[in-house]
There are 2 protein chains.
Amino acid sequence: MAPLQKSIDKRNALIKATIELVNNNGFHATPMSKIAKIANVSPATIYLYFENKQDLVNQTYMEVKAKYTTYAFATYNQNMPVEEGFKIIWKRIADFKLKECENAMFLAQCDNTPMIDEPSLQEGIKHLQPLLDLWECGKKEGIIKPLSNYLLYAYAINPLSFLIMSEKRGSFKLDKVHIEEAYLSAWNSIKVIT
Amino acid sequence: MAPLQKSIDKRNALIKATIELVNNNGFHATPMSKIAKIANVSPATIYLYFENKQDLVNQTYMEVKAKYTTYAFATYNQNMPVEEGFKIIWKRIADFKLKECENAMFLAQCDNTPMIDEPSLQEGIKHLQPLLDLWECGKKEGIIKPLSNYLLYAYAINPLSFLIMSEKRGSFKLDKVHIEEAYLSAWNSIKVIT
DNA sequence: TATATAAAAATGAACGTTCATTCTTTTATT
DNA sequence: AATAAAAGAATGAACGTTCATTTTTATATA
């Protein structure tokens, strides 16, 4: 194995361990020692890849957020009609949250606690731009309600986080039918009613 | 001042301090010593009112959740028509989240992290029963879509949390107009479309 | 190609600090 | 004066981080 690859593997193992432990215990209750143990690495080794604990979690956040948005926009392109574009993005997001549940939960925690530095948070938000652009376009065409992007996001995208959380807690099972129903609710709350 | 009142004051001060510090730093980054200092109390005194740190935060959660639901249902009664009942509850929730922003943020953090014991979490959820009953009633009458209560909650109530978070982060200002728009989105995503 | 040397990566033990909690003393109440 | 409440100092455990050292990898030499 190439030596560089080995380094990448270790970094990935550390990020994976961080997600797992933070999901189960929260940021401040996951000691570096445990992260090291799960990643099969010495505690000191972490500091070869990351400045400190805060840097580790910031970088983990940005990496997961990038993965999330890359996945969300993978099958979308700007030439699609607004409704189709939205549907494709929404479904991909739902897909990601279901398949990559660990990652999705980690993001939810980051977005609801003082865990991540403000600059890293801002950095993560930037990746959503294509969706915001799509909405602007839809508003111009009179297809999407003239609401602020925050309201659109709150009613169309964010509810998925809540559902994933309920599913994780075991109080609710998200199947294909529910996803379809959820999509219709989402679209319904942002589309212009004719 | 009666000695009992003084005790209640101290307990309240401790709970208030806990909310403030956890909001700004997260659970594990709020030391008992700091909570004591903000509450103008000795660290040891905390243990006269609470078993330990976990108990303090559990009780804080249940207290805030109870306050939240009491407020939400204060002007609602079961004899109202479904649409009116929902509107009244929704508006009260929005009102609470705006006015008692600190409390709302604390709840959001509790609901998205491993901070609170599962039993306390379950205890907190129970208080929402009147809303679930209203929805059941609405479904029977054909006014509300036959969706699971989790989906209804995800699309009608939960988005408010996201908006409050955006507002707190300073990226968005929630005024009366936005609240009205948000309400319409909420109702629109759960009502049967005729 | 085989060996020697240098560089880089990784390690485990150790340090200083911080924390939740307890213990002992002081202050207030009846 | 007796009792209860509160305070602050004390304690041991756990944490993030550093450092001296070892192990692995790359480079140079013959």
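Treat the numbers as computed from the prediction; the structure is a model and nothing was measured.

Rules used in this analysis
Residues numbered from 1 in each chain as written. Chains lettered and ligands numbered in written order. Predicted model: local features only at pLDDT ≥ 70, side-chain atom pairs only at ≥ 80, totals over all residues. Heavy atoms only, no water. Near = heavy atom within 4 Å. Polar contact = N/O pair within 3.5 Å; in protein donor to acceptor, adjacent residues only side chain to side chain. Helix = DSSP H or I, 4+ residues; strand = E, 2+ residues; numbered from the N terminus. Nonpolar A, V, L, I, M, F, W, Y, C, P; charged D, E, K, R; others polar. 1 Å grid on protein atoms, 1.4 Å probe; cavity = no way out; pocket = protein on both sides within 12 Å on 5 of 7 lines; lining within 4 Å. Points joined across faces, edges and corners; volume = space filled by probe spheres on them. Domains from an automatic or database assignment. Contact = heavy atoms within 4.5 Å. Buried area = accessible area lost by both parts, 1.4 Å probe. Salt bridge = Lys/Arg side-chain N within 4 Å of Asp/Glu carboxyl O. Core = buried A, V, L, I, M, F, W, Y, C linked by side-chain atoms within 4.5 Å. Buried < 20%, exposed > 50% of the residue type's maximum accessible area, 1.4 Å probe, protein only. Least-squares fit on C-alpha atoms with pLDDT ≥ 70 in both. Axes fitted to C-alpha atoms, helices over the stretch in contact; angles between N-to-C directions. Parallel < 35°, antiparallel > 145°, perpendicular 65-115°, else oblique. Left-handed = near helix turned anticlockwise from the far one by under 90°. Phe/Tyr/Trp six-rings, centres within 6.5 Å; stacked < 30°, edge-to-face > 60°. Lys NZ or Arg CZ within 6 Å of the ring centre and 35° of its normal.

Colleague: How should the protein's contact with DNA strand C be read in this particular structure?
Modeller: Around DNA strand C, the surrounding shell holds 15 residues, and the nearest of these are Ala44(A), Thr45(A), Met32(B), Tyr47(B) and Lys53(B). Within 4 Å of the protein, the contacting atoms of DNA strand C are drawn from sugar and phosphate to the extent of 64%. Contacts to DNA strand C include Thr45(A), whose side-chain N or O atom sits 2.4 Å from a phosphate oxygen. Lys53(B) is positioned such that a nitrogen or oxygen atom in its side chain is 2.6 Å from a phosphate oxygen of DNA strand C. Looking at the surface near DNA strand C, the element that brings in the most residues is helix 3 (residues 43-49) of chain A, giving four residues. In terms of residue class, the surface near DNA strand C is made up of nine nonpolar, four polar and two charged.

Colleague: Sorry, what's going on with the layout of surface pockets here?
Modeller: The rolling of a water-molecule-sized probe over the atoms marks out the regions of remaining empty space. Approximately 370 Å³ is the volume attributed to the second largest pocket. Lining the second largest pocket we find 19 residues, and of these Thr113(A), Pro114(A), Met115(A), Asn23(B) and Arg169(B) sit closest to its centre. Elements with a minimum of two residues in the lining of the second largest pocket: helix 7 (118-126) of chain A together with helix 1 (3-25), helix 6 (101-111) and helix 10 (159-169) of chain B. Grouping the amino acids of the lining of the second largest pocket by side-chain chemistry returns seven nonpolar, eight polar and four charged.

Colleague: Explain unusual backbone geometry here, please?
Modeller: Of all residues except glycine, most have a negative phi; of all peptide bonds, most are trans. With phi around 55°, Asn40(A) is a residue other than glycine that occupies positive phi space. Mapped onto the fold, Asn40(A) is located in the loop between helix 2 (32-38) and helix 3.

Colleague: Hey, could you run me through the domain arrangement of chain A in this one?
Modeller: Many structure descriptions define interface size as the accessible area lost when the parts assemble. Residue and element names in this part refer to chain A. Along its sequence, chain A is carved into domain 1 (1-50) and domain 2 (53-190). Summarising the inter-unit geometry, the C-alpha centres of domain 1 and domain 2 are found 27 Å apart. Between domain 1 and domain 2, the contact holds 17 residues from the first and 15 residues from the second. In total, about 1500 Å² of surface goes out of reach between domain 1 and domain 2, with carbon and sulfur atoms giving 63% of it. Three residues stand out in domain 1 for area buried against domain 2, namely Ile-19, Asn-23 and Phe-27, and they jointly supply 41% of the buried area on that side. Counting across the interface, domain 1 meets domain 2 through one salt bridge. Of the charged contacts in the structure, one is a salt bridge between Glu-63 and Arg-11, with a shortest N-O distance of 3.1 Å. Counting across the interface, domain 1 meets domain 2 through seven residue pairs in polar contact (both at pLDDT 80 or more). Breaking the side of domain 1 that touches domain 2 down by element, the ones donating at least two residues are helix 1 (3-25), helix 2 and helix 3. For the side of domain 1 that touches domain 2, the leading source of residues is helix 1, giving eight residues. Looking at the side of domain 1 that touches domain 2 residue by residue, the classes come out as nine nonpolar, six polar and two charged.

Colleague: Please clarify how the nonpolar core should be interpreted in this entry.
Modeller: Core analysis: the biggest nonpolar cluster contains 122 residues, and Phe86(A), Trp90(A), Phe86(B) and Trp90(B) have the highest contact counts within it. When neighbours within four sequence positions are excluded, Phe86(B) is seen to be in contact with Leu131(B), Leu134(B), Trp135(B), Ala156(B), Ile157(B), Tyr183(B), Trp187(B) and Ile190(B).

Colleague: Looking at this structure, I do not really get the relation of the copies chain A and chain B. What am I missing?
Modeller: What connects the two chain copies is a rotation about an axis and a shift along it. Of the two same-sequence chains, chain A is brought onto chain B (RMSD 0.1 Å, axial shift 0.0 Å) by a rotation of 180°. The transformation relating the two chain copies, once decomposed into turn and shift, fits a two-fold axis. When the interface residues of chain A are mapped onto chain B, 98% of them again lie at the interface, so the same face is used by both copies.

Colleague: Would you mind going over the packing of helix 9 (residues 149-156) of chain B against helix 11 (residues 176-190) of chain B with me for this structure?
Modeller: For any two helices packed against each other, one specifies the inter-axial angle together with the distance between the axes. All names here are of chain B. With their axes 8 Å apart at the nearest point, helix 9 and helix 11 run at an angle of 155° to one another. Considering the angle they form, helix 9 stands roughly antiparallel to helix 11. In this structure, helix 9 meets helix 11 at a crossing whose hand is right-handed. Along the contact surface, helix 9 presents Leu-152, Tyr-155 and Ala-156, while helix 11 presents Ala-186, Ser-189 and Ile-190. Residues belonging to the contact of helix 9 with helix 11 are distributed by class as follows: five nonpolar, one polar and no charged.

Colleague: Looking at this structure, I do not really get the packing of aromatic side chains. What am I missing?
Modeller: Each aromatic ring pair is summarised here by two numbers: the centre-to-centre distance and the angle between the ring planes. Residues and elements named next belong to chain A. Here the structure, examined in full by the defined rule, presents 14 aromatic pairs over all chains. Ring centres of Trp-90 and Tyr-183 lie 5.4 Å apart, and the angle between their planes is 65°; on these two criteria the pair is classed as edge-to-face. Placement of Trp-90 in helix 5 (residues 82-99) and of Tyr-183 in helix 11 (residues 176-190) is noted, with a sequence separation of 93 residues between them. The pair Trp-90 / Tyr-183 is uniform in exposure class, with both members buried. Counting every residue linked through ring pairs, the aromatic cluster contains Phe-86, Trp-90, Tyr-183 and Trp-187. Directly above the ring of Phe-27 sits Lys-53, whose terminal nitrogen or CZ lies 4.5 Å from the centroid. If you follow Arg-92 out to its NZ or CZ, it ends over the ring of Tyr-71, 3.8 Å from the centre.

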